[in-house]
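Now for the letters of each chain:
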Amino acid sequence: MEEKTIQIAGSITVDELATALGLSVTELIGTLFKNGIVATINQRLDFETAQIIIDELGLENVKLERKNTSTKTSDFHRELSDKAVTRPPVVAVMGHVDHGKTTLLDTLLHKKTVDDEAGGITQHISAYQLKHNDRLITFLDTPGHEAFAAIRQHGAMLTDIVVIVVAADDGVKPQTVEAINFAKSANAKIIVAINKIDREGADVNRTMADLSQHGLQPEEWGGDIVMVPISAKMNQNLDQLLDMILLTADIEELKADVNIPAEGLVIESHMEVGKGSVVNVLVTGGELKTGKFIVAGNTYAKIRTMLDWQGKPKGKAAPSTPVTITGFKELPSFGDKFIEVKDEKTARKMALLNAQAAANESASANVTSGDLLRMMNVADNTKTFNVIIKGDVLGSVTSVVDSLKMIDTKGEITLNIVSTGVGDINENDVYMAAGDNTVVYGFNVSVPVNINKMAARDGVPVRTYKVIYELLDDAKHEMENLLDAEIIEEDKGELKVLGVFRTEKTAIIAGGEVLTGDVKPGYLARVVRNKKYLGETEVTSVQKEKMDVNVLVAGETGGLAMSTKSKIDLQVGDRLKFFTRESRKKSL
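Caption draft 1: Structural view of the layout of surface pockets. Space inside the second largest pocket adds up to approximately 740 Å³. If you go around the second largest pocket, you meet 28 residues; those closest to its centre are His270, Glu272, Val278, Asn280 and Val393. In terms of residue count, the dominant contributor to the lining of the second largest pocket is strand E13 (residues 263–272) (five residues). Residue classes in the lining of the second largest pocket are distributed as 14 nonpolar, nine polar and five charged.

Caption draft 2: Structural detail: the pairing of strand E9 (residues 161–167). Among the seven residues of E9, seven are classified as buried, and the element is accordingly described as predominantly covered. Where strand E6 (residues 90–95) meets E9, five bridges bridge the pair, whose relative direction is parallel. Bridge pairing in E9 links Met94 to Ile164. Relative to strand E10 (residues 189–195), E9 runs parallel, the two being bridged by seven bridges. For Val163, the partnering residue across the bridge sits in E10 and is Ile191. Taking the sense of rotation as the criterion, the β-α-β connection linking E9, helix H6 (residues 174–185) and E10 turns out right-handed.

Caption draft 3: Looking closely at the environment of Val460. Inspection of the secondary structure puts Val460 in the loop between helix H13 (449–458) and strand E24 (462–465). With 28 residues separating them along the chain, Val460 and Met432 place their C-alpha atoms 9.7 Å apart. Apart from residues no more than four positions distant in its own chain, Val460 is found in contact with Val430, Ala433, Ala434, Thr438, Val440 and Ala455.

Caption draft 4: Representation of the sheet that holds E9 within the structure. Across the sheet, six strands lie side by side as E7-E8-E6-E9-E10-E11; this open sheet has mixed pairing. The two strands at the open ends of the sheet, each matched to only one other strand, are strand E7 (126–132) and strand E11 (226–229). The average angle at which neighbouring strand axes cross in this sheet is 25 degrees, direction not considered. In the sheet, E6 pairs with strand E8 (residues 135–141) via four bridges, with the strands oriented parallel. Bridging from a neighbouring strand, Val93 pairs with Asp141 of E8. Against the sheet, helix H7 (residues 204–212) makes contact with E9, E10 and E11, and its axis sits at roughly 150 degrees relative to E10, the strand it touches most.

Rules behind the numbers
Residues numbered from 1 in each chain as written. Predicted model: local features only at pLDDT ≥ 70, side-chain atom pairs only at ≥ 80, totals over all residues. Heavy atoms only, no water. 1 Å grid on protein atoms, 1.4 Å probe; cavity = no way out; pocket = protein on both sides within 12 Å on 5 of 7 lines; lining within 4 Å. Points joined across faces, edges and corners; volume = space filled by probe spheres on them. Helix = DSSP H or I, 4+ residues; strand = E, 2+ residues; numbered from the N terminus. Nonpolar A, V, L, I, M, F, W, Y, C, P; charged D, E, K, R; others polar. Buried < 20%, exposed > 50% of the residue type's maximum accessible area, 1.4 Å probe, protein only. Pairing = 2+ DSSP bridges. Right-handed = clockwise from strand over helix to strand, strands pointing away. Contact = heavy atoms within 4.5 Å. Axes fitted to C-alpha atoms, helices over the stretch in contact; angles between N-to-C directions.

The following block contains the structure:
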């Protein structure tokens, strides 16, 4: 039978999948219902759920493929007019933890931020601009820890050039590979900065060989990837790196239109006392000016203030420029596209339409594979871990939530995100958590003294962290505490009963021959007669030739004293199958 291929772009409706499979909608809905999902004709199924359903239907001739579509952050690329002008390159700096990304930027920008980062790890996307040979370059410093994969992927999508920093004394690591993959998926040009060449053990050639194994072939070896050996700490070869960035930008002929309504992307947002919504954006087209109206997602702003990356006032921002603006009615979401509109009426209407579209999408109740598997395994009595997440900025909240979802609970724990938000932990967070075994996590936020007292009074655990590793470790520990202990049994041996000397309600004294293994005081034993289970005992003492001993082994005969919870009519010829049983705490 000919194989049928179905492409799915993100998700597919029940109706669309039924049509593609040549089934009736009723049949497909019936299959979903059998697996615990009450679906409608317009309900959307994600890729994994569609695959599970096809497997359930036994359709071996059907193959699913993921269809590539533009993402939320990559759809800002537009057709340029003949009036487009050259713009600065946007460069994301990526790589493994501790390989020197932030140190590189600090040296380039003559500032010091590494010590300010909790645990020396970049926690947000930060945007900067510098001049080299009288030309601007925009840099994005992206987080290196795996927990910030969501942020880092957004960083790649915003980017023309990715500088992948690899330590010459450490080589290619998992997050190096992740950065390479992100850069390729974003169609960004790649330049490798082989860092820490001043260190003992640094080996540039070995590092280049490692990189070539992951598809990055150095120019020196006939490939097309520029690799620059540097020492960020010692400011060695950094001018050469900047030259290569500008050369790559020239080859790419990076341009943008300026005579269009301003547009760009939200790269960070948070609330500040006295300022309200403070939003970092990257302009991708047009010129953003103070006093203008812009719409981002389901909110809008009349730009009240605009600052450059150094905090200096800026009246307008050209393409490839990162700026911080105030004036949004509500916080826009991380990764939202923004666009300039002519007046407040238009801005309000567009934001409302976006909100309605988002509500409709939410109401369609996309069914994910996780939902389906939870429903299919409903009899497993999974436990629920309730959390409230508060963060300093939306990007942090997104990454914490994504990272919590990545913890493998082996299907035994369901993560329930009760709510998320930006800002310090407040009364409402404690109210929501009270009486529901909910943990409130704060990331880079504070807990006012009165809120701490309120939480203590109501028995609500409130924990704040500045390093995401620690938050995730705590959450994992909490989830492990919800797991039922695992009962481990280990077979030890078998004895044939040759004599029964006393049987009471809670005690037995008998003798026999050990056939296999051994028998010791403390062992448990199942009493079996002709393959029929009669009860369970515990060995309290063992004798050999009327002397107490610690063990009887296979081939030996001896006597046993055993305790029981109920009387067992032990007889000659019965078998005692010895085993141990222990309760072990499960781990994730």
